[in-house]
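# Per-entry structural report
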Amino acid sequence: MARRRQPKRRRRRPKPLRHAPRPAARSANRPAARPGAQKKPARTRDKHAPRRSPYRAAAAAARANIEALGAALATESDVARGLDRLLTAARRLTGAEAGTVYLRRGEALEFTAIQNDVLARQVGEEEVRRRVAGRPLPLRENSIAGYVMLTQTTVNLRDAYEIPVDRPYTLLREVDSKADYRTRSMLALPLRDAGERVVGVLQLINALDRRGAVRPFTSRDQQLAHELAAQAARLPGLAPG
């Protein structure tokens, strides 16, 4: 009876040692390290070092702008020019497309500073003043600026055309109609002199987002606007009319 052939046993390769270091993979484009060359220490971040926050940087920049504005107003002899500068800074920090500064003259509010980027590009700054700065606003009227002046409060509106009927103020739409402009978001707050007397109103119109769309004024915008408005007290010659 013939014997069956036994299958050949394969020789097993010896397993590598568990603790043997594996050779590091080297990129084809990276040259081999020279013998005796020292390796650069890996960069490590200090756990105790404060992290740089973009919000803190923005807040520091805003604070620097506010302080610079206050210093400039303290040496400004022209009240109208100083308020125009204040309006420019307020619009820049809040992203407002337009704005107005009113000063009280007797029983009315007069337009002292007017800025509107949209209308200025279309018709020029002088035409903007002619269209917007019409007759003074009597304080007895239920305008937003008149309400802020008399009550010394702040008004922040998402859409000035959708003011609830129970509010004691309304938007004077004839100003928009005359200027061919559409007011949406609005932030209005009182201006005070060095004696804490309310002498006027700062009004910001249509805050814009990064895409250029109108957005509401945020609580941060309102805080910045109040800090900027407080700098008006440093303007020489600013007094109740």
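The structure contained in this document is the topic of the report that follows. Per chain, residue numbering runs from 1 following the sequence as it is written. Local features in a predicted model are, by the rule used here, given only for residues with pLDDT of at least 70; side-chain atom pairs are given and counted only at 80 or more, and totals for whole chains, interfaces and linings are based on all residues. To obtain the side-chain values, all non-hydrogen atoms of the structure were used and water was disregarded.

## Comments concerning the packing of helix H2 (residues 79-94) against helix H7 (residues 219-230)
Running from N to C, H2 and H7 point in directions that differ by 160°, and their axes come no closer than 9 Å. Looking at the two axes, H2 sits roughly antiparallel to H7. For the pair H2 and H7, the crossing hand works out as right-handed. Note on element contacts: H7 touches H2 through Asp221, Leu224, Leu228 and Ala229, opposite Leu86, Ala89, Ala90, Leu93 and Thr94. Split into classes, the residues belonging to the contact of H2 with H7 amount to 7 nonpolar, 1 polar and 1 charged. With axes taken as lines fitted to C-alpha atoms, and helix axes fitted only over the stretch in contact, angles between N-to-C directions fall between 0 and 180 degrees. Put simply, DSSP H or I for four residues or longer makes a helix, DSSP E for two residues or longer makes a strand, and each gets a number counted from the N terminus. Each angle receives one of four descriptions, namely roughly parallel if under 35 degrees, roughly antiparallel if over 145, roughly perpendicular if within 65 to 115, and oblique otherwise. Should the near helix be turned anticlockwise from the far one by less than a right angle, the crossing is left-handed, and should it be turned clockwise, the crossing is right-handed. Any two residues whose heavy atoms approach within 4.5 Å are treated as being in contact. Each residue is assigned to one class: nonpolar for Ala, Val, Leu, Ile, Met, Phe, Trp, Tyr, Cys and Pro, charged for Asp, Glu, Lys and Arg, and polar for all the others, Gly among them.

## Focus on empty space enclosed by the protein
Cavities and pockets are defined on a 1 Å grid built over the protein atoms alone: a cavity is a set of grid points where a 1.4 Å probe fits but cannot escape, while a pocket is an open set with protein on both sides within 12 Å along at least five of seven lines, and lining residues are those with an atom within 4 Å of any such point. Grid points are joined across faces, edges and corners, and a volume is the space filled by probe spheres set on the points. All told, the structure shown has 1 cavity of 30 Å³ or more when counted by the stated rule. Along the wall of the largest cavity there are 25 residues; nearest its centre are Tyr102, Val175, Asp176, Gln203 and Ile205. For the lining of the largest cavity, the secondary structure elements donating two or more residues are strand E1 (96-105), strand E2 (108-116), helix H5 (144-151), helix H6 (173-179) and strand E6 (198-208). Within the lining of the largest cavity, the residues separate by chemical class into 16 nonpolar, 8 polar and 1 charged.

## Description of the pattern of salt bridges
By definition here, a salt bridge exists when the distance from a side-chain nitrogen of Lys or Arg to a carboxyl oxygen of Asp or Glu is within 4 Å. Overall, the coordinates contain 10 salt bridges when judged by the stated rule. Glu227 is the salt-bridge partner of Arg63, the closest N and O atoms lying 3.0 Å from each other. Pair noted here: Arg63 is in helix H1 (residues 54-74) and Glu227 is in helix H7, with a separation of 164 residues, a long-range link. The classification of residues rests on relative accessible area computed with a 1.4 Å probe and restricted to protein chains. Under 20% of the type maximum is buried, over 50% is exposed, and intermediate values are partly exposed. Residue classification places Arg63 among the partly exposed residues on the basis of a relative accessible area of 38%. The exposure class of Glu227 is partly exposed, given its relative accessible area of 22%. A salt bridge links Asp117 to Arg91; the shortest N-O distance between them is 2.5 Å. Of this pair, Asp117 sits in helix H3 (residues 117-123) while Arg91 is found in helix H2, placing the two residues 26 residues apart along the sequence.

## Details of the layout of surface pockets
In this model, the second largest pocket occupies a volume close to 200 Å³. Residue lining of the second largest pocket: Asp84, Arg91, Ile114, Gln115, Asn116, Asp117, Ala120, Glu125, Glu126, Val128 and Arg129, and that is the complete set. Counting only elements with at least two residues in the lining of the second largest pocket, the list comes to H2, E2, H3 and helix H4 (125-132). The element that contributes the greatest number of residues to the lining of the second largest pocket is H4, accounting for 4 residues. When its residues are assigned to classes, the lining of the second largest pocket shows 3 nonpolar, 2 polar and 6 charged.

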